[in-house]
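Working through the structure, step by step
Listed here are the chains, written in short residue letters.
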Amino acid sequence: MKRIKNQRKDFHHKLSHDLAEKYDAVCVEDLNLKGIAGGLHFGKRIQDNGYGQFLSMLGYKLEERGKYLIKVDRYFASSKICSVCGNRKKELALSERTYICECGNWMDRDVNAAVNILKEGKKVYKKCA
């Protein structure tokens, strides 16, 4: 178990170092991991991935270089907004893995959300940079 923990920590250090070297800002969703773990019955699996530890490493490495870790508000509806036209769906079930919009946009739900998080992060970055 300790070996796996060390491997994960090493991977997080290397990945956070690479991201901090390549980018002036990194945009992430400010997730409530405890809420996700309890609410969606993922339990300890969601906490075992070390996402919080990774964000901490990424944050201080970016800060050391004068760069930014931008956390987009967890209540921003990144999954429900079309990344092409901006249309917002009222309902989107977790089981819907493809985002389909009236404008013709058809993409993976997580990719759509990532594009929206990046766009929102860029707005925040313009204010703080």
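Thresholds, definitions, all that
Residues numbered from 1 in each chain as written. Predicted model: local features only at pLDDT ≥ 70, side-chain atom pairs only at ≥ 80, totals over all residues. Heavy atoms only, no water. Helix = DSSP H or I, 4+ residues; strand = E, 2+ residues; numbered from the N terminus. Buried < 20%, exposed > 50% of the residue type's maximum accessible area, 1.4 Å probe, protein only. Contact = heavy atoms within 4.5 Å. Areas by Shrake-Rupley, 256 points an atom, 1.4 Å probe, with all protein chains shown as cover. Core = buried A, V, L, I, M, F, W, Y, C linked by side-chain atoms within 4.5 Å. Salt bridge = Lys/Arg side-chain N within 4 Å of Asp/Glu carboxyl O. Phe/Tyr/Trp six-rings, centres within 6.5 Å; stacked < 30°, edge-to-face > 60°. Lys NZ or Arg CZ within 6 Å of the ring centre and 35° of its normal. Expected span 1.5 Å × (residues − 1). Polar contact = N/O pair within 3.5 Å; in protein donor to acceptor, adjacent residues only side chain to side chain. Disulfide = S-S within 2.5 Å.

1. Description of the overall build of the protein chain
Summing up its helical and strand segments, the protein chain has five helices and four strands in all. In the protein chain, the order of α-helices and β-strands from amino to carboxyl end is α-β-α-α-α-β-β-β-α. Classification of the 129 residues of the protein chain by burial places 27% in the buried group. Residue pairs in contact within the protein chain that sit at least 24 positions apart in sequence constitute 60% of those at least 6 positions apart. About 9,000 Å² of surface is accessible on the protein chain, with carbon and sulfur atoms providing 54% of the total.

2. Focus: the nonpolar core
In this structure, Ala20, Val26, Val28, Phe54, Leu55, Leu58 and Leu62 together form the largest nonpolar core, which totals seven residues. Those elements that provide at least two residues to this core are strand S1 (25-29) and helix H4 (51-64). For this core, the leading source of residues is H4, giving four residues.

3. Remarks on the pattern of salt bridges
Here the structure, examined in full by the defined rule, presents six salt bridges. Ionic pairing is found between arginine 65 and glutamate 21, a salt bridge with its closest N-O pair at 2.7 Å. With arginine 65 in the loop between H4 and strand S2 (68-72) and glutamate 21 in helix H1 (residues 2-22), this residue pair connects regions lying 44 residues apart in the sequence. The class for glutamate 21 is partly exposed, based on a relative accessible area of 46%. A salt bridge links arginine 65 to glutamate 64; its shortest N-O distance comes to 3.9 Å.

4. Some details on the packing of aromatic side chains
Here the structure, examined in full by the defined rule, presents one aromatic pair. Each ring, one from tyrosine 68 and one from tyrosine 125, has its centre 5.5 Å from the other, and the planes form 80°; the classification is edge-to-face. Linking tyrosine 68 in strand S2 with tyrosine 125 in helix H5 (residues 109-128), this pair joins segments that are 57 residues apart in sequence. A cation sits over an aromatic face here: lysine 89 above tyrosine 99, 4.8 Å from the ring centre.

5. Here's the deal with H1
Helix length check: H1 (21 residues) gives 30 Å between terminal C-alpha atoms against 30 Å at 1.5 Å per residue, within 8%. Buried residues along H1 sit in contact with H4.

6. Topic: the side chain of serine 16
Considering the arrangement of structural elements, one finds serine 16 in helix H1. Engagement of the side chain of serine 16 in a polar contact is seen with the backbone oxygen of histidine 13, the distance being 3.1 Å. Within polar-contact distance, the side chain of serine 16 engages the side chain of lysine 61 at 3.0 Å. Not counting the four nearest positions on each side in its chain, serine 16 is found in contact with Phe54, Met57, Leu58 and Lys61.

7. Considerations on the state of the cysteines
Applying the stated criterion across every chain, the model contains zero disulfides. There is no disulfide at cysteine 85, and the cysteine sulfur nearest it, in cysteine 101, is 3.6 Å away. Take cysteine 85: its relative accessible area is 42%, and that puts it in the partly exposed class. There is no disulfide at cysteine 103, and the cysteine sulfur nearest it, in cysteine 82, is 3.8 Å away.

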